Protein chains: 2
Amino acid sequence: MKWLVLQVILASLLLHFGYAYKYETYFYKQKVDHFSFVDPDSYSQRYLINDESWDSDGGPIFFYAGNEGDITWFAENTGFMWDIAPEFNALIIFAEHRYYGVSLPYGNKSFTEPKYSGYLTSEQALADFAELISYLRIALPGAKNSAVIAFGGSYGGMLAAWFRMKYPHVVQGSIAASAPILQFIDITPCEKFGQVVTADFARESSQCVEVIRNSWAAIDAVTADEVGMNWLTGAWKLCQPLKTQKDVQKVKEYLTDVWTNLAMVVCTHLTEPTLEPKALLEELFAGACTEMVMPMCYDGVKDFFEPSPWDFKAYATKCYESWNIYPRPLMAPMIYGGKDISAASNIVFSNGLLDPWSTGGVMWNVSDSVVSIIIPEGAHHLDLRSSNPDDPQSVIDARILEKKYISTWIESYKSENEI
Amino acid sequence: MKWLVLQVILASLLLHFGYAYKYETYFYKQKVDHFSFVDPDSYSQRYLINDESWDSDGGPIFFYAGNEGDITWFAENTGFMWDIAPEFNALIIFAEHRYYGVSLPYGNKSFTEPKYSGYLTSEQALADFAELISYLRIALPGAKNSAVIAFGGSYGGMLAAWFRMKYPHVVQGSIAASAPILQFIDITPCEKFGQVVTADFARESSQCVEVIRNSWAAIDAVTADEVGMNWLTGAWKLCQPLKTQKDVQKVKEYLTDVWTNLAMVVCTHLTEPTLEPKALLEELFAGACTEMVMPMCYDGVKDFFEPSPWDFKAYATKCYESWNIYPRPLMAPMIYGGKDISAASNIVFSNGLLDPWSTGGVMWNVSDSVVSIIIPEGAHHLDLRSSNPDDPQSVIDARILEKKYISTWIESYKSENEI
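Let us look at the structure shown here. Bear in mind that the values here come from a model prediction, so they are computed numbers and not experimental data.

### Comments concerning the packing of helix H7 (residues 192-204) of chain A against helix H8 (residues 206-222) of chain A
Residue and element names in this part refer to chain A.
Thought 1: Their axes nearest at 6 Å, the elements H7 and H8 cross at an angle of 135 degrees. With respect to each other, H7 and H8 are oriented oblique. Touching Thr 198, Phe 201, Ala 202 and Glu 204 of H7 are Ser 206, Cys 208, Val 209, Ile 212 and Arg 213, all from H8.
Thought 2: In terms of residue class, the contact of H7 with H8 is built from five nonpolar, two polar and two charged.

### Concerning the state of the cysteines
Residue and element names in this part refer to chain A.
Thought 1: Within the structure shown, the criterion is met by two disulfides over all chains.
Thought 2: The disulfide partner of Cys 190 is Cys 297, and the S-S distance across this bridge is 2.1 Å. Looking along the S-S bond of the Cys 190-Cys 297 disulfide, the torsion reads about 90 degrees, which is the right-handed sense. With Cys 190 in the loop between strand S6 (173-177) and H7 and Cys 297 in the loop between helix H12 (277-288) and helix H13 (312-323), this residue pair connects regions lying 107 residues apart in the sequence.

### Quick notes on the side chain of B:Thr256
Thought 1: Note on placement: B:Thr256 falls in helix H10 (residues 245-264).
Thought 2: Among residues more than four places away in sequence, those in contact with B:Thr256 are B:Trp216, B:Tyr298 and B:Phe305.

### Overview of the packing of aromatic side chains
Residue and element names in this part refer to chain A.
Thought 1: In the structure shown here, the tally under the stated rule is 57 aromatic pairs over all chains.
Thought 2: Where Tyr 106 meets Tyr 116, the ring centres are 4.8 Å apart and the plane angle is 50 degrees; that geometry is what we call tilted. Of the two residues, Tyr 106 is situated in the loop between strand S4 (91-95) and helix H4 (114-117) and Tyr 116 in helix H4; the sequence distance between them amounts to 10 residues.
Thought 3: Residue classification places Tyr 106 among the buried residues on the basis of a relative accessible area of 14%.

### As for the sheet that holds strand S1 (residues 24-31) of chain A
All names here are of chain A.
Thought 1: Read from one edge to the other, the open sheet built from eight strands follows the order S1-S2-S4-S3-S5-S6-S7-S8, with strand pairing classed as mixed. Each end of this open sheet is capped by a strand with a single partner; those strands are S1 and strand S8 (370-375). Sheet twist, expressed as the average angle between the axes of neighbouring strands with direction ignored, equals 20 degrees.
Thought 2: As judged from the five bridges shared by strand S5 (residues 148-153) and S6, these two strands associate in the parallel manner. Of the residues in S6, the one forming a bridge with Gly 153 is Ala 177.
Thought 3: Helix H5 (residues 122-139) contacts S1, strand S2 (42-50), strand S3 (61-65), S4 and S5 of the sheet and is inclined by roughly 115 degrees relative to S1.

Calculation criteria
- Residues numbered from 1 in each chain as written.
- Chains lettered and ligands numbered in written order.
- Predicted model: local features only at pLDDT ≥ 70, side-chain atom pairs only at ≥ 80, totals over all residues.
- Heavy atoms only, no water.
- Axes fitted to C-alpha atoms, helices over the stretch in contact; angles between N-to-C directions.
- Helix = DSSP H or I, 4+ residues; strand = E, 2+ residues; numbered from the N terminus.
- Parallel < 35°, antiparallel > 145°, perpendicular 65-115°, else oblique.
- Contact = heavy atoms within 4.5 Å.
- Nonpolar A, V, L, I, M, F, W, Y, C, P; charged D, E, K, R; others polar.
- Disulfide = S-S within 2.5 Å.
- Phe/Tyr/Trp six-rings, centres within 6.5 Å; stacked < 30°, edge-to-face > 60°.
- Buried < 20%, exposed > 50% of the residue type's maximum accessible area, 1.4 Å probe, protein only.
- Pairing = 2+ DSSP bridges.

Purely geometric stuff here, so don't read any function into it on its own.
Written out as structure tokens, the structure is:
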């Protein structure tokens, strides 16, 4: 728990002060639909560039595969890329994911109905990245023969891994940090996630776990009548008074998220400064309602959450009511292969054992070039953050190993292309 | 030229008599758009199955990646799969390509406007194949652990190769016969194709080449006035009288196709029994107007065609006028990698040297498992046809080698999955 608390504090500090990373902002005209010829629309994708360390005569490109959020936030919080760019003489690029930050395909209308929101898929996002890199290789003098290394964390880590699998001619290797590419139906049991969250807290105090486990029934008991609801509203200083059981349910869902996020140390959405909280939740949900269907369930015994089975039908109904879209839970495994990734090459999957998402991560060496790095004291993609005097040794070692693989990929690309 | 003539005769005979291959016909409900959530429509894809040779306890699946035409025609003309299925105890599946045969996503409206025709892309077709196989693995008792080997010729060969590259978790290896995956802008010079057509004829008679080369100017001279046009109409027994220079141009384009097809021995569209010729040409064009932009040019010196530069602008304008669609010439190379396929595995690229499409084929061994087989006396995917007493030794050898690779892929899949 010590490292976890430290990481939470560090993340909080970063939010207030940030690092003064410098970049130039550009936009690239992308097709809204890369795979069909029905919709000819295009949109402007934002990307950030820093070339201070770049050797434009063969230096590599470090490409951050943007995930669900404003890309400037990821640029500020992915210190690992900035830390190691000088020794690799690398160009740094951060590409924003479509439908996030300012890269909205249909502006304010982007989330209003399926004909605008329906292009929010990982397949389209990867094609954006491939198009962007293909363009930059031509547009930037010296980039033609640069090896491209992709980086990403969490959903961005999934994108980085899948990017290498689907576009190995575009990206020569990927660092996929805390990438739960196995967190899909029939691949990873839905109860594992909550068990790791619970275990994180149990490391600190088994009493704490019991308090949380009992809290659900306590909330129910207290809020059984109006008096109790008023009391809890006051006691917890809730912004809006509890009036119905639905309100109570929302509070419990919020608490579930708080415990989970504390274990993950991922505050992307809670800390996103430019968007209203409601808009953020909506965005997250829109993404989740297409292909990123990641089953979660809790039994309240092996974990400390309120018991709740995985109910795809209820989930799908909610999606349709909110977004007029039926999710496709088998889409991502069908397209990307689930755990059958033996044909892939040049990917590092890193996972912190404190991170509940590690239950959906690749935790074994798939082959000589698709490897798993375990960081016992790590939470959610700690290795992508800037190095810090308080880093546990395991994350220092992980970063050294990652750099070794990056070097290997660059060298092998150079020798293949006789550069 | 001897083999070429023989192959033409054989192909013609097949058209009249065919082989009595038996199969059952099924339909699978496919999403019209696999990559976005805008269009929730689905359509029925036709596929054919033969399980006479199948060992349902681990026998492999031989999967034909349907290309531009009625799938029953490909089933009749891909004897290689039928010939070798018994010794592999293989299940045979032929899947029809969307927008061909009876697999029309929007019935009679399928080609009327982009909102219907715009889903005719190779990316969507490959996702159809992946979905179908994923379904059959569950639906067919015993298919769960079957290795899948993809076969395809010409555009179908391109699909087979790309299928393995993009979905290595679905297909364990591919026989890609006469697959011009390099026949794209900036990868293969546009003049090569016509030169091979010309060389095929030159093998037989250099005089013949001269006659054809001079024919274009002769046609122009004769049709300079109405008298000449009428004369040629009668002499060539044209169905419709020549009246304008545009009519003359069409005759020349027809002749260009005849010489090319004779060299290719591919009569798919001329021989397709169920569709009107006009419909066929329209279909072909619709496909070509999206992503399959394969530059061709002729100089009339190194080849015997009427000189004609590659003019993308004119090509694109014509596409837009006909189909309201602007082609994307860089789409396929961007998605599939052009000649940068070093990360691929388990693909045999076979090419006949008589085949003009070999100029866009993979004619070198990319790696230990991505190999090229050259058939000096072969025309367009001769190796996929049924074995025949008149086969040249080179195609007999090619088929033996292909079988060897298929065995290797199946064995390695079995040992990886401990079957």
